Amino acid sequence: MKVFGICGSPRLGGTDYAVNYALNLLREKGCETRYFHVRGKDIKFCIHCDYCVREKKGCVHKDGLAEYYEGMMWADGIIIGTPCYHGMLSGQVKTLMDRSRAILAKDPEILKGKIGMGLAVGGDRAGGQEIALQQIHEYYILNEMIPSGGGSFGANLGGALWSQDRGAEGIAADEYGLKTVRKTVKRFYDLMEKTRGNSDG
Ligand SMILES: Cc1cc2nc3c(=O)[nH]c(=O)nc-3n(C[C@H](O)[C@H](O)[C@H](O)COP(=O)(O)O)c2cc1C
């Protein structure tokens, strides 16, 4: 099974750590993985020019997102990891969501049936992680994907992590947050297995 992990933080910090933690667990289960980090990439806003809808040839911008588009189309499962900015997901993640219109305009069912999970990293313990996870799930639902939570008694909507503003070091020490990632990865993997079973007939 193919998993595409996305890090929506502009730096090498806690979100990068958390997404790679999840991808490592999935590789141990036999998944093939790809990783996309927004850091250092030239990523333009969607300008609502409707080129993608009119031409159905992708996006008018030819910037740093080719690898992102390929990963989204290639994957059976998608992990969006975001830092919490002002109690919600990062602008970088929102821009990736908006820019995915380019592949959806070409094929509205391109994401249909893929499994999605979310990871949210806040500097505060209750800094908007659940709101960011809801926003990620809304994106999945809107595009006919299957959102995966982590289950009650531990993970609920997904991976919710607390960096204490100490980046990767903070997340490595956040044992409870890492448990939410493990629980969510388990559900995510199980859902991918189930849906693959269905499509195999
Ligand atoms: C613009 C901005 C806004 C932030 N807003 C919040 C917030 O609302 N809640 C929170 O818990 N942390 C907030 N933080 C802190 C980051 O979420 C935290 O440091 C996190 O670890 C950043 O992720 P990273 O380590 O992957 O870069 C904010 C940071 C920035 C730069």
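Residues numbered from 1 in each chain as written. Predicted model: local features only at pLDDT ≥ 70, side-chain atom pairs only at ≥ 80, totals over all residues. Heavy atoms only, no water.

> What's the story with the site of the ligand in this structure? I'm lost.
Near the ligand lie 18 residues; those nearest to it are Arg-11, Thr-15, Gly-87, Ser-163 and Asp-165. Within the backbone of His-86, a nitrogen or oxygen atom sits 2.9 Å from a nitrogen atom of the ligand. Between the ligand and Gly-87 there is a distance of 2.7 Å, counted from an oxygen atom to a backbone nitrogen or oxygen. Within the complex, the protein chains bury 76% of what would otherwise be the 630 Å² of accessible surface of the ligand. (Near = heavy atom within 4 Å. Polar contact = N/O pair within 3.5 Å; in protein donor to acceptor, adjacent residues only side chain to side chain. Areas by Shrake-Rupley, 256 points an atom, 1.4 Å probe, with all protein chains shown as cover.)

> Help me out: how do you make sense of the nonpolar core in this one?
It is characteristic of soluble globular proteins that their nonpolar side chains tend to be buried jointly. Counting 32 residues, the largest nonpolar core has Ile-6, Tyr-68, Met-72, Ile-78 and Ile-80 as its most contacted members. Elements that contribute at least two residues to this core include exactly strand 1 (2-7), helix 3 (66-74), strand 3 (77-83), helix 4 (91-99), helix 5 (101-106) and helix 6 (129-142). Here this core gets five residues from one element, more than from any other, and that element is helix 6. With near-sequence residues (within four places) excluded, Ile-6 lies in contact with Val-19, Phe-36, Tyr-68, Met-72, Ile-78, Ile-79, Ile-80, Gly-81 and Leu-96. The next biggest cluster of nonpolar side chains, apart from the first, holds 22 residues, and it includes Ala-18, Leu-26, Met-117 and Val-185. (Core = buried A, V, L, I, M, F, W, Y, C linked by side-chain atoms within 4.5 Å. Buried < 20%, exposed > 50% of the residue type's maximum accessible area, 1.4 Å probe, protein only. Helix = DSSP H or I, 4+ residues; strand = E, 2+ residues; numbered from the N terminus. Contact = heavy atoms within 4.5 Å.)

> What am I meant to see in the packing of aromatic side chains here?
The description of an aromatic ring pair rests on the distance of the ring centres and on the angle between the ring planes. Considering all chains together, one arrives at three aromatic pairs under this definition. Their ring planes at 45° and their centres at 5.8 Å tell us that Phe-36 and Tyr-68 sit as a pair that is tilted. Placement of the pair is Phe-36 in strand 2 (residues 32-37) and Tyr-68 in helix 3, with a sequence separation of 32 residues. In this structure Tyr-68 comes out as buried when scored by relative accessible area, which is 2%. A ring pair is formed by Tyr-68 and Tyr-69, whose centres lie 5.4 Å apart and whose planes are at 45°; its orientation type is tilted. The class for Tyr-69 is buried, based on a relative accessible area of 10%. Counting every residue linked through ring pairs, the aromatic cluster contains Phe-36, Tyr-68 and Tyr-69. The cationic tip of Arg-125 hangs over the ring face of Trp-162; the distance from NZ or CZ to the ring centre is 5.6 Å. (Phe/Tyr/Trp six-rings, centres within 6.5 Å; stacked < 30°, edge-to-face > 60°. Lys NZ or Arg CZ within 6 Å of the ring centre and 35° of its normal.)

> Any chance you could explain the pattern of salt bridges here in plain terms?
A side chain of one charge can pair with a side chain of the opposite charge when the charged atoms of the two come close. In the structure shown here, the tally under the stated rule is eleven salt bridges. Ionic pairing is found between Asp-98 and Lys-94, a salt bridge with its closest N-O pair at 2.9 Å. Separated by four residues within a single helix, Asp-98 and Lys-94 lie in helix 4, roughly one turn from each other. Look at Lys-94 and you get partly exposed, because its relative accessible area is 41%. The salt bridge involving Lys-112 is made with Glu-109; its shortest N-O contact spans 3.5 Å. Overall, Lys-112 belongs to the partly exposed group, its relative accessible area being 43%. (Salt bridge = Lys/Arg side-chain N within 4 Å of Asp/Glu carboxyl O.)

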